[in-house]
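# Overview (structure and organization)
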Amino acid sequence: MDDVSDWVRRHAPLIPEGEVLDLACGGGRHARALAALGHPVLALDIDALALARAGGPGIVTWQADLEQDGALWPFEAGRFAGIVVTNYLHRPLLPDLLASLAPHGVLIYETFACGNELFGKPSNPAFLLQAGELLDWARAQGLRIVAFEEGVLRRPKAAMVQRLCCAKFGFPRAAAFLAPF
């Protein structure tokens, strides 16, 4: 599990019991980590070859292209205790993600931001978050912000990112996890 994002590793224990969606899961590094925590995981990606590596105990894989014209969000409201998204941004899906998050569910999001073009791809502004964009979105939705970071990561490779962990309608597990240092 060394390839699991530090952000996901740090915040995954906050996800309450229940099913987790790993959106744009790639080869399943986070799906496996979430399943190891006891969550049933739905690992979704467009890439069939990547999905072939993503499966495992407690993980159901699903190939889908949610960006195609006319694609409908396939998940019902409140289904997921947690949603994890890394290295992926398709802004039109944000309202659907939020709708599918259960009350007290946790969203863990980490993706590229403006400035990443200095480090390579993605460099297209359509795939890069504007300064503070994830935080502003979460606040506008009334989500409880658990943590937010924006800046340059040095590993696994240099990149400009934004990272957000937030909860829907309160956060009962925060008191135990966020004890004072």
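Look up a bit, the structure's there.
What comes next concerns the included structure. What you are looking at is a predicted structure, and each value in this text was computed from that prediction instead of being measured.

Moving on, we get to the overall build of the protein chain. A count of helices and strands for the protein chain gives 6 helices and 7 strands. Scaling as 2.2 N^0.38, a compact globule of 181 residues should have a C-alpha radius of gyration of about 16 Å, and the protein chain matches this with 15 Å. For the protein chain, the spread of C-alpha atoms along the three principal axes comes to 40 × 40 × 35 Å. When the 181 residues of the protein chain are sorted by exposure, 49% land in the buried category.

Two strands pair when backbone bridges link them, and strand E2 (residues 41-45) and strand E3 (residues 59-63) are joined in this way by 5 bridges, in the parallel orientation. By the bridge assignment, Val-41 is partnered in E3 with Ile-59. Handedness of the β-α-β unit built from E2, helix H3 (residues 48-54) and E3 comes out right-handed.

Take the pairing of strand E4 (residues 80-86) next. For E4, the buried fraction is high: 7 of the 7 residues fall into the buried class. Bridge count for strand E1 (residues 20-23) against E4 is 4 bridges, and the pairing is parallel. For Leu-21, the partnering residue across the bridge sits in E4 and is Ile-83. The pairing of E4 with strand E5 (residues 101-112) spans 6 bridges and is parallel. Bridge pairing in E5 places Thr-86 opposite Glu-110. At this point the chain moves from E4, through helix H4 (residues 94-100), to the parallel E5, and the crossover so formed is right-handed.

This part takes up the pattern of salt bridges. Considering all chains together, one arrives at 6 salt bridges under this definition. For Asp-6, the salt bridge goes to Arg-155, with nearest N and O atoms at 3.2 Å. In this pair, Asp-6 is assigned in helix H1 (residues 6-11) and Arg-155 in the loop between strand E6 (144-153) and strand E7 (159-167), connecting sequence segments 149 residues apart. In this structure Arg-155 comes out as exposed when scored by relative accessible area, which is 59%. One salt bridge in this structure joins Arg-79 and Glu-19, with 2.8 Å as the shortest N-O distance. Linking Arg-79 in the loop between E3 and E4 with Glu-19 in the loop between H1 and E1, this pair joins segments that are 60 residues apart in sequence. Taking the relative accessible area as the measure of exposure, Arg-79 reaches 30% and is therefore partly exposed. Through salt bridges with shared partners, one network takes in Arg-10, Glu-110, Glu-149 and Arg-163.

Turning to the side chain of Thr-111, a few remarks are in order. Tracing the chain through its elements places Thr-111 in strand E5. Given a relative accessible area of 1%, Thr-111 falls into the buried group. A distance of 3.0 Å separates the side chain of Thr-111 from the backbone nitrogen of Tyr-88, its partner in a polar contact. When near neighbours in sequence (up to four residues on either side) are disregarded, Thr-111 contacts Asn-87, Tyr-88, Leu-89, Leu-129, Met-160, Val-161 and Gln-162.

What counts and how
- Residues numbered from 1 in each chain as written.
- Predicted model: local features only at pLDDT ≥ 70, side-chain atom pairs only at ≥ 80, totals over all residues.
- Heavy atoms only, no water.
- Helix = DSSP H or I, 4+ residues; strand = E, 2+ residues; numbered from the N terminus.
- Rg over C-alpha atoms; globule rule 2.2 N^0.38 Å.
- Buried < 20%, exposed > 50% of the residue type's maximum accessible area, 1.4 Å probe, protein only.
- Pairing = 2+ DSSP bridges.
- Right-handed = clockwise from strand over helix to strand, strands pointing away.
- Salt bridge = Lys/Arg side-chain N within 4 Å of Asp/Glu carboxyl O.
- Polar contact = N/O pair within 3.5 Å; in protein donor to acceptor, adjacent residues only side chain to side chain.
- Contact = heavy atoms within 4.5 Å.

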